[in-house]
Amino acid sequence: MKILRVLAAGCLAAPLIASAVTEVPVPADAASAPPVSLSARKVYEQARSQLLQIRTVLKGRASQTSVGSGFVVSKEGHIITNFHVVSEVALEPANHDLVYVTADGREAKLDILMLDVLHDLALVKPAAPAKGEASPKEAPAWDALSFRPQKQALAQGERMYSLGNPLDVGFAVIEGNYNGLVERSFYPQIFFSGALSAGMSGGPALDQEGRVIGVNVARRVDGEQVSFLVPANFATALLERGRSAPPMKGTAHAEMTRQLMEHQQVLTDRFIEQGWKSATHPRYRVPVPPDRFMRCWGASHQSRTGGLDYEDSQCVMDTRIFVGQYTTGAISLRHQSYDGTKLGTMRFAARHAASFRNENFRRLGGEHMTKPQCHENFITHDKLPMRAVVCMRAYKKLPQLYDVAVLVATLDQSQAGVQGRFDAQGVSFPNAMRLTQAYLDAYGMLKQ
């Protein structure tokens, strides 16, 4: 089965490319430099003192492994950034430290207070003095950014200003526009028409009054100025939940598992409740979900040499949950409709069987999972005979979560047929079974 490849949004944390955080001078006559508006200058100057670079460094070596951005949101020094910016520290605290660097070069350690893995957010705060270090008599008040009130809705085309430290070359402001919420995103995200770059993750997006309206999170790698922000209301909610929280101790795997268990329950329920599209094949009922939080694409392939003709369809989610070196928490489906009348019965049977055998169940993050366990059976549903394979594998550090893959091939025709595949990542065992049954039950014969 051939796979339609769709490039998805990528995270924006940047690896080390420079050792100093400096303003990079740009010649005034540089042809590639876009003009900076007076409003952008004003917003940047007002927010500069609240803007931070967030660095992950190897413990005891002061060598950074990744950089992102963050911003101060309380006079006590609470800082919002992305989870993927602090993930190395959250998942391997014995090997990494977290530090911030201000626009004027001041640097200090940070503690993680609370995570919102589902929206890729983290709440951090300057670390208390270590044992033996002198404590200030009175902690200085921080200059914090304010949030735009939720009742003041954003207007389509409204000017926005994204701040951060792109590619570790210096603090910057990027002008763009608000284009509403991303369609078919499982969790709300803002569509920002601005050129976010690696290293800007976790930085604030501000309105013309300098109030926070979003948090930089991702960009499309296959588009121009197509970037995404976490709406500010999720950051304010995280601040309120974690304002008095103590620093996190140990790894974040237990907290990640708790949040992912909540996510997979909501995802499973919504997916099953939405049902299936009708008229997806002239002979069969083939499961294709409605375009609510998934995008479906199709193509037709006609052989020019008298070989196999086929049509394919693939439905994927834009939303994926970042959990370290891989992502999870998503569902995808695809199927191919084969017409082998030009091949004849024997040649079609060989090609059809080979396509089925060529499927595999490896994916990124495989080293973090057990080997797949598979079960094959021949079943009939609604008068349609099918060959079905169900495979599952468990997450080693996220207990109770599994990936499930279901492969189906119709068997009622000797020179034509359908093969389908369903994948759900990061679901509980009971929900893996519910999803498998819902997928298999969606196949059937149409009344002729």
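Refer to the preceding data block for the structure.
Only a predicted model underlies this, so the values are computations on that prediction, with no experimental measurement involved. (Residues numbered from 1 in each chain as written. Predicted model: local features only at pLDDT ≥ 70, side-chain atom pairs only at ≥ 80, totals over all residues. Heavy atoms only, no water.)

This part covers the pattern of salt bridges. If charged atoms from side chains of opposite charge come close, those side chains can pair. Evaluation of the coordinates by the stated rule reveals 24 salt bridges. Several salt bridges share partner residues, and in doing so they unite Arg 148, Glu 158, Asp 207, Glu 209 and Arg 211 into one network. (Salt bridge = Lys/Arg side-chain N within 4 Å of Asp/Glu carboxyl O.)

Quick look at the packing of aromatic side chains now. If you walk through the whole model with that rule in mind, you get eleven aromatic pairs. Pairing Phe 186 with Phe 293 gives two aromatic rings, centres 5.1 Å apart and planes at 80°, and the pair type is edge-to-face. With Phe 186 in the loop between strand E9 (172-181) and strand E10 (190-192) and Phe 293 in the loop between strand E14 (284-285) and strand E15 (295-301), the pair connects residues that are 107 residues apart, well separated along the chain. On the accessibility criterion, Phe 186 (6% relative accessible area) is buried. Since its relative accessible area comes to 2%, Phe 293 is described here as buried. (Phe/Tyr/Trp six-rings, centres within 6.5 Å; stacked < 30°, edge-to-face > 60°. Helix = DSSP H or I, 4+ residues; strand = E, 2+ residues; numbered from the N terminus. Buried < 20%, exposed > 50% of the residue type's maximum accessible area, 1.4 Å probe, protein only.)

With that settled, the discussion passes to the environment of Ala 438. Mapped onto the elements of the fold, Ala 438 is located in helix H6 (residues 429-441). By relative accessible area, which is 19% here, Ala 438 ends up buried. When the C-alpha atoms of Ala 438 and Phe 271 are compared, they prove to be 9.7 Å apart, with 167 residues separating the residues in sequence. Look past the residues within four positions of Ala 438 in its chain and what remains in contact with it is Ile 272 and Trp 276. (Contact = heavy atoms within 4.5 Å.)

Bringing the nonpolar core into the picture now. Soluble globular proteins tend to pack their nonpolar side chains together in the buried interior. Counting residues in hydrophobic clusters, the biggest one holds 62 residues, and the most contacted among them are Ile 54, Val 86, Leu 115, Ile 331 and Phe 422. Considering each element in turn, this core owes the most residues, six residues, to helix H2 (residues 83-91). Beyond its immediate sequence surroundings of up to four residues, Phe 422 is in contact with Phe 271, Ile 331, Ser 332, Leu 333, Val 404, Ala 405, Val 406, Leu 435 and Tyr 439. Of all hydrophobic cores here, the second largest spans 31 residues; its members include Tyr 44, Leu 145, Phe 171 and Leu 238. (Core = buried A, V, L, I, M, F, W, Y, C linked by side-chain atoms within 4.5 Å.)

Bringing unusual backbone geometry into the picture now. The bulk of non-glycine residues show a negative phi, and the bulk of peptide bonds are trans. Located in the positive-phi region is Gln 225, a residue other than glycine, with phi close to 55°. By secondary structure assignment, the location of Gln 225 is in the loop between strand E12 (212-220) and strand E13 (227-231). Given the relative accessible area of 47%, Gln 225 is considered partly exposed. If you check the backbone angles, Ala 279 has positive phi at about 55° while not being a glycine.

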